[in-house]
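Residue strings, one per chain:
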Amino acid sequence: MTAPLRLIALDTEDLAIMSAHLQDSLVTVGDMAYLPRSKRFAAVAARFDWVAEAEGKKERCETGFHFERVLKVSRSGFSQQDPAQRLMLLSVAFAETDSPAGQVVLTFSGGAAIKLDVECLEAQVQDLGRRWTCTACPNHDLEEVSQKQAS
């Protein structure tokens, strides 16, 4: 059995590792929340385990992740009115604006995105335990990805 994932990101290098592990996670809109009094954005996802896939297993794992010191959250490309809608997370990136503050961008397939204005980069991801076998690996239309990157 693959060891449970637990990561902390305090800089862009840490976040790149976190993003790689979260790539292709399925996130239900109703499983994301911004807690303004706590300055926290949190979500639960069905993370595709790319490490297990390298060992020949196709598994997803229930995984939680959150960002601290969040001042503002904005979304595009999806509606909060549909809490059952599932989004596939493609990447998580950080752009510094006024050091150490910046913006975390969660990019989802289909053009959806969440932007978090943060005082500084502080994030965690942790497997919550439940693991299940899936039938296929996520794959991406490379032509579509190339077109999005060019625009």
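Details of the structure are given in the entry above.
Residues numbered from 1 in each chain as written. Predicted model: local features only at pLDDT ≥ 70, side-chain atom pairs only at ≥ 80, totals over all residues. Heavy atoms only, no water.

Regarding the nonpolar core
We count it as follows: Joining through side-chain atoms within 4.5 Å is the link that ties buried Ala, Val, Leu, Ile, Met, Phe, Trp, Tyr and Cys residues into a set, and such a set is a nonpolar core. Using a 1.4 Å probe on the protein chains alone, a residue whose accessible area is under 20% of its type maximum counts as buried, one over 50% counts as exposed, and one in between counts as partly exposed. Numbering of helices and strands runs from the N terminus; a helix is a DSSP stretch of H or I covering at least four residues, while a strand is a stretch of E covering at least two. We call two residues in contact when some of their heavy atoms are within 4.5 Å.
In this structure, Met 32, Phe 65, Phe 67, Val 104, Leu 106, Phe 108 and Leu 116 are the most contacted members of the largest nonpolar core, which totals 29 residues. For this core, the secondary structure elements donating two or more residues are helix 1 (12-22), strand 2 (25-35), strand 3 (40-48), strand 4 (59-67), strand 6 (86-98), strand 7 (101-108), strand 8 (113-118) and strand 9 (123-133). Sort the elements by how many residues they give to this core and strand 6 lands first, with four residues. Apart from the residues lying within four places of it in its own chain, the contact partners of Leu 116 are Phe 41, Phe 67, Val 70, Lys 72, Val 73, Gly 102, Gln 103, Val 104 and Leu 106.

Considering unusual backbone geometry
In this chain, Ser 99 is followed by Pro 100 through a cis amide linkage whose omega measures 5 degrees. Take Pro 100: it is sitting in the loop between strand 6 and strand 7. A positive phi angle, close to 75 degrees, is found at Asp 24, a residue other than glycine. Tracing the sequence through the fold places Asp 24 in the loop between helix 1 and strand 2. When its relative accessible area of 0% is taken as the criterion, Asp 24 is described as buried. For Lys 39, which is not a glycine, the phi torsion comes out positive at approximately 55 degrees.

Details of the sheet that holds strand 6
Where we set the bar: Strands were regarded as paired on the criterion that DSSP finds at least two bridges between them. Helix axes are fitted to C-alpha atoms over the stretch in contact, other axes to C-alpha atoms as well, and angles between N-to-C directions run from 0 to 180 degrees.
Sheet architecture is open: nine strands sit in the order 1-9-4-3-2-6-7-8-5, paired in antiparallel fashion. The two strands at the open ends of the sheet, each matched to only one other strand, are strand 1 (6-9) and strand 5 (70-76). With strand direction ignored, the average angle separating the axes of adjacent strands in the sheet is 20 degrees. Bridging between strand 7 and strand 8 involves six bridges; their strand directions are antiparallel. Residue Val 105 lies in a different strand from strand 8, and its bridge partner there is Lys 115.

Focus on helix 1
Inclusion rule: This arc corresponds to the set of directions leading from the helix axis out to the C-beta atoms.
For helix 1, every residue scored as buried is listed here: Leu 15, Met 18, Ser 19 and Leu 22. The buried residues of helix 1 occupy an angular sector of 105 degrees when projected down its axis, which confines them to one face. Elements that come into contact with the buried residues of helix 1 comprise strand 1, strand 2, strand 3, strand 4, strand 6 and strand 9. With its phi angle positive at about 75 degrees, Asp 24 sits one or two positions after the end of helix 1.

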